[in-house]
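Coordinates in review
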Amino acid sequence: MTETRTFPGFRAVADRALLVEFGDLIGDDAHAQVMSLDVRLAQAPFPGFTEAVPAYVSILVCFDAMFIDHEGVEGWVRGLLQSPVLPPRRGVLRTVDVCYDPEFSPDLAAVSGQTGLGEDAVINAHLAETYQVFMYGFAPGYAYLAGVPPALHLPRKPSARRDVAAGSVIIAGAQCLITTLAMPTGWWIIGRSPARILTDDPATPFLFDVGDRVRFRRIGRAAFDAALATR
């Protein structure tokens, strides 16, 4: 018999964190609750609070075990959840250039074939949406963007491609990502961006914050090369 889960759910993580879950499927409602709790914790932190790490449907609440334990954190969070709902922070709208030339889009033809859309239609569908930064994970600066249109939803490829260049624009399911390091990926590579995602500022090490919105803008190869040259 399948157990029915209720939300929010609370799960101890090691001795210094509590995972608060608002769902088990990626969606706007659950993520809005994640971001709302993030705002509440920032405005009303408990003694011993160290940081909160938001994800798609959950938020990791970290604490100093010298000041509080899991039960105390859960009680504090439950209290915050009873307070009036706070709107999530409205992130910055950022425009990111992307070049879809064949050299940079080795999977574009395959995406076209699997979706039944022409290559230009795939590109136009990708450009038409406004994406939202839902979380960071996997590697430094890997911002997971939600908002890929349903017409482009494809599962991950059965095998990964090695040595995918930094700046590659990749999609899988409802997610989009701009790689920051050369590494393998099983996602579909449809373009490359010259944007500098990793900054030199320790206070803001990444271009995006969770909650930011992203629009892609198509550029040609000459503009791509010029942008790289000025970084």
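Going by the structure above, here's the rest.
The following refers to the structure shown. (Residues numbered from 1 in each chain as written. Predicted model: local features only at pLDDT ≥ 70, side-chain atom pairs only at ≥ 80, totals over all residues. Heavy atoms only, no water.)

**Quick word on the overall build of the chain**
What counts here: Strands here mean DSSP runs of E at least two residues long; helices mean DSSP runs of H or I at least four residues long; both are numbered from the N terminus. Exposure categories follow from relative accessible area, calculated using a 1.4 Å probe and restricted to protein chains: below 20% of the type maximum is buried, above 50% is exposed, and the middle band is partly exposed. Throughout, a residue-residue contact means that at least one pair of heavy atoms, one from each residue, lies within 4.5 Å. To measure how exposed things are, a 1.4 Å probe is used in the Shrake-Rupley method; for residues, cover is taken only from the protein chains shown. Note that His is not counted, nor are the chain ends; the positive residues are Lys and Arg, and the negative ones are Asp and Glu. Every charge is mapped onto a representative atom, which is NZ of Lys, CZ of Arg, CG of Asp or CD of Glu.
Summing up its helical and strand segments, the chain has five helices and 13 strands in all. A principal-axis box enclosing the C-alpha atoms of the chain has dimensions of 55 × 50 × 30 Å. Taking all 231 residues of the chain together, 43% fall into the buried category. Of the contacts formed within the chain by residues at least 6 apart in sequence, a portion of 63% connects residues at least 24 apart. Taken as a whole, the chain presents about 12000 Å² of accessible surface, with 55% of it coming from carbon and sulfur. Taken as two groups, the 20 positive and 25 negative side-chain charges of the chain have centres that lie 5 Å from each other.

**Digging into the packing of helix H3 (residues 108-115) against helix H4 (residues 119-128)**
We count it as follows: Axis definition: a line fit to C-alpha positions, over the contact stretch in the case of helices; interaxial angles, taken between N-to-C directions, run 0 to 180 degrees. For this classification, under 35 degrees means roughly parallel, over 145 means roughly antiparallel, 65 to 115 means roughly perpendicular, and everything else is oblique.
Running from N to C, H3 and H4 cross one another at 95°; their axes reach a closest spacing of 9 Å. Judged by the angle between their axes, H3 and H4 are roughly perpendicular. Here Leu 108, Ala 109, Val 111, Ser 112 and Thr 115 of H3 lie close against H4, whose contacting residues are Glu 119, Val 122 and Ile 123.

**Concerning the sheet that holds strand E1 (residues 9-13)**
Where we set the bar: Strands qualify as paired when DSSP identifies two bridges or more between them.
On the basis of which strands lie adjacent, the open sheet formed by four strands has the order E1-E2-E4-E3 and antiparallel pairing. The outermost strands of the open sheet, each flanked by one partner alone, are E1 and strand E3 (49-54). Strand after strand, the sheet turns through a mean of 20° between neighbouring axes, direction not considered. Here E3 pairs with strand E4 (residues 58-63) via five bridges, running antiparallel. Each bridged residue has a counterpart across the sheet, and for Val 53 the counterpart in E4 is Leu 60.

**Topic: the pattern of salt bridges**
Counted only if it meets this: Salt bridge criterion: a side-chain nitrogen from Lys or Arg within 4 Å of a carboxyl oxygen from Asp or Glu.
All told, the structure shown has 11 salt bridges when counted by the stated rule. Residues Asp 212 and Arg 94 are paired through a salt bridge, measuring 3.1 Å at the closest nitrogen-oxygen approach. Of the two residues, Asp 212 sits in the loop between strand E12 (188-192) and strand E13 (213-218) while Arg 94 sits in strand E5 (residues 93-98), which places them 118 residues apart along the sequence. Assessed through its relative accessible area of 24%, Arg 94 is described here as partly exposed. Salt-bridge contacts for Arg 161 lead to Asp 107; the nearest nitrogen and oxygen are separated by 3.3 Å. Pair noted here: Arg 161 is in strand E8 (residues 161-164) and Asp 107 is in the loop between E5 and H3, with a separation of 54 residues, a long-range link. Using a relative accessible area of 35% as the deciding quantity, one classes Arg 161 as partly exposed. Its relative accessible area of 5% is what places Asp 107 among the buried residues. What emerges from the salt-bridge pattern is a single network uniting Arg 5, Arg 11 and Glu 21.

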